[in-house]
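Summary of structural features
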Amino acid sequence: MKTINVGIIGFGTVGSGTAEVLLAQAKNLSRKTNLVINLKTVADIMTTALPQKFSGCTLTKNADDIFNDPDIDIVVELIGGIEPAKTFILKAIEAGKHVVSANKALFSTHGRQIFEAATRKGVEVGFEASVGGGIPVIKALKEGLAANTIQSIMGIMNGTANFILSQMTDHGLPFDTVLKDAQAKGYAEADPTYDIEGIDTAHKLVILMIMAYGINIRLEDVSIEGISRIKPIDIEFAKQFGCRIKLLAISRNHGDHIEARVHPTMVPETHLLANINGAMNGINFNGDMVGDVLLYGQGAGKMPTGSAVVADIVDIARNVAFNCLNRVPSLAYLPSEIKDCVITPMAKISGPYYFRISAVDKPGVLASIAGILGKNGISIESVIQKKRRDEGSVPVVIRTHDAQEKAVIEAISEIDSLSIVTEKTVTIRILN
Ligand code: HSE
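Everything quoted here is computed from the prediction, not taken from an experiment.

Examining the environment of aspartate 181
- Residue placement: aspartate 181 occurs in helix α8 (residues 175-184).
- According to the relative accessible area criterion, aspartate 181 is partly exposed, its value standing at 29%.
- Spatially, the C-alpha atoms of aspartate 181 and glycine 17 are 21 Å apart, while their sequence positions differ by 164 residues.
- Excluding its chain neighbours within four sequence positions, the residues that come into contact with aspartate 181 are Phe163 and Gln167.

Okay, structure coming up:
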């Protein structure tokens with residue numbers, strides 16, 4: 001049996017998970033590939049010794065030991081972040097190695113440079129683990145959905161944010177307590193801001209959009225709002241409207257322009273995405289031939305992410321063994337076919353909205369608010385006004401019919417400038 005040698009850079013949660021998956025599945029992988037996939041070297045600056053079960057593997061602190069080893073075929077980068085990960089990947093490519101990585105922050109911001117370098121050297125780059133953890137979402141776009149023009153991408157792509165919203169919804173727990181729990185469970189990024197503020201989800205959406213539509217898109221093209229401003233009271237009102245609040249990545253393909261947005265969304269309880277709870281991820285593609293395809297599974301964690309990394313290693317190992325490198329383009333489309341595109345301005349997005357306006361409870365307040373909404377062409381579907389408190393403000397909650405974002409921004413700005421309004425209005429888009 002031919003041996004394919006692998007070197008891993010970074011032996012943290014995903015790095016050690018990948019090593020464990022390779023070990024646990026060694027026989028199974030040989031039965032599937034007729035190859036021995038051998039973990040030859042691990043490079044990590046923090047690890048002083050590898051567990052006994054990896055006794056056949058060399059540990060080094062110097063990643064150059066991997067790039068300079070002519071026997072290593074595949075370099076797996078699992079340190080995350082931009083640098084030194086980018087330098088390591090480019091060095092590996094320069095050395096003629098194939099690369100596998102889970103690094104969504106890097107691929108969504110510097111992917112072009114990496115893929116151009118890989119194309120020049122004729123090596124493969126696998127990044128299945130960068131989106132949706134263990135869910136084979138990249139493979140679905142590259143292969144399973146190849147016969148489609150993708151019409152939309154909609155999904156829950158961050159386990160930490162979904163875990164926080166689910167715990168807040170199911171147990172009425174405060175945001176901070178739940179965040180600490182998510183960090184303890186190992187879902188959260190090193191900087192949890194990325195999870196909470198929608199940045200990690202946007203990284204993933206960028207990668208999926210490039211592959212789904214064959215377009216150039218930058219992180220800056222994505223409109224990003226996080227969940228840190230969501231209060232338990234909003235979750236309660238969402239329930240009254242028959243909805244759950246989810247952090248959604250949404251992209252709709254309108255042909256001549258494409259939506260790219262990440263924001264908290266009220267999702268009707270009957271919708272499949274409303275029922276993806278805890279740290280689970282769910283990603284829905286709509287293809288013009290196949291219709292809706294929903295992929296569900298563990299979007300984070302040691303073994304699920306290790307499973308995705310090893311799936312890439314297997315793909316590349318097979319291509320090396322059968323001498324058919326780049327049979328499937330890394331980004332689904334041929335590099336020369338990745339085109340620029342127009343991103344839909346947020347001002348033009350339209351749909352129903354939830355507003356929670358904090359107002360003084362006195363006659364005429366509702367009339368003033370309704371007047372501003374009417375003037376901006378925003379039609380009210382329903383209103384909830386909570387009972388009068390002894391002092392301070394009351395929440396006036398409004399659900400609208402479809403409204404254009406531009407009109408909403410203008411109306412809310414006017415409402416918030418009223419003297420009877422005591423806090424900045426919370427607006428949440430409702431999935432239509
Ligand atoms: N921090 C990410 C999440 C890990 O919570 O989903 C996987 O990308």
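Regarding the domain arrangement of the chain
- When the domains of the chain are assigned, the result is domain 1 (2-133 + 302-336), domain 2 (139-298) and domain 3 (347-430).
- Counting the surface lost from both domain 2 and domain 3, the interface buries some 1400 Å², and carbon and sulfur atoms represent 65% of this.
- Sorting the residues of domain 2 by area buried against domain 3 places Phe237, Phe241 and Met266 first, and these three jointly supply 42% of that buried surface.
- Taken together, domain 2 and domain 3 are joined by two salt bridges.
- The salt bridge involving arginine 356 is made with aspartate 234; its shortest N-O contact spans 2.6 Å.
- Linking domain 2 with domain 3 are five residue pairs in polar contact (both at pLDDT 80 or more).

Some points on the side chain of aspartate 312
- Locating aspartate 312 in the fold gives a position in helix α12 (residues 302-321).
- Buried charge without a salt bridge: aspartate 312, with lysine 142 as the nearest opposite-charge side chain at an N-O distance of 5.3 Å.
- Apart from residues lying up to four places away in sequence, aspartate 312 is in contact with Val100, Gly126, Phe127, Glu128 and Ala129.

Notes on the pairing of strand β4 (residues 72-77)
- Burial within β4 is extensive, with five of its six residues counted as buried.
- Here strand β1 (residues 2-9) runs beside β4; their pairing, made up of five bridges, is parallel. From the neighbouring strand, isoleucine 8 faces β4, where its bridge partner is valine 76.
- Across four bridges, the pairing between β4 and strand β5 (residues 98-101) is parallel. Pairing of valine 76 across the sheet is with valine 100, part of β5.
- Assessed by its sense of winding, the connection that carries the chain from β4 through helix α4 (residues 85-94) to β5 is right-handed.

Analysis parameters
- Here the residue numbers are simple positions, counted from 1 along each chain's written sequence.
- Since the coordinates come from a predicted model, pLDDT governs what is reported: local features require at least 70, and pairs of side-chain atoms require 80 or more to be given and counted, while whole-chain, interface and lining totals use all residues.
- Neither water nor hydrogens contribute to the side-chain values; these are computed over all heavy atoms in the structure.
- Segments assigned H or I by DSSP are reported as helices when at least four residues long, segments assigned E as strands when at least two residues long, and all are numbered from the N terminus.
- Three exposure classes are used, based on accessible area relative to the maximum for each residue type with a 1.4 Å probe and protein chains only: buried under 20%, partly exposed in between, and exposed over 50%.
- Contacts: residue pairs with any heavy atoms within 4.5 Å of one another.
- Domain borders in the structure are assigned automatically or taken from a domain database.
- Summed over both partners, the accessible surface that disappears when two parts come together, traced with a 1.4 Å probe, is what is meant by buried area.
- The term salt bridge refers to a side-chain nitrogen of Lys or Arg lying within 4 Å of a carboxyl oxygen of Asp or Glu.
- Polar contact is defined as a pair of N or O atoms within 3.5 Å, subject to the rule that within protein one atom must be able to donate a hydrogen and the other to accept it, and that residues adjacent in sequence are counted only when both atoms are side-chain atoms.
- His is not counted, nor are the chain ends, whereas Lys and Arg count as positive and Asp and Glu as negative.
- Paired strands are those between which DSSP finds at least two bridges.
- Think of it like this: strands point away, you trace from the first strand over the helix to the second, and a clockwise trace means the crossover is right-handed.

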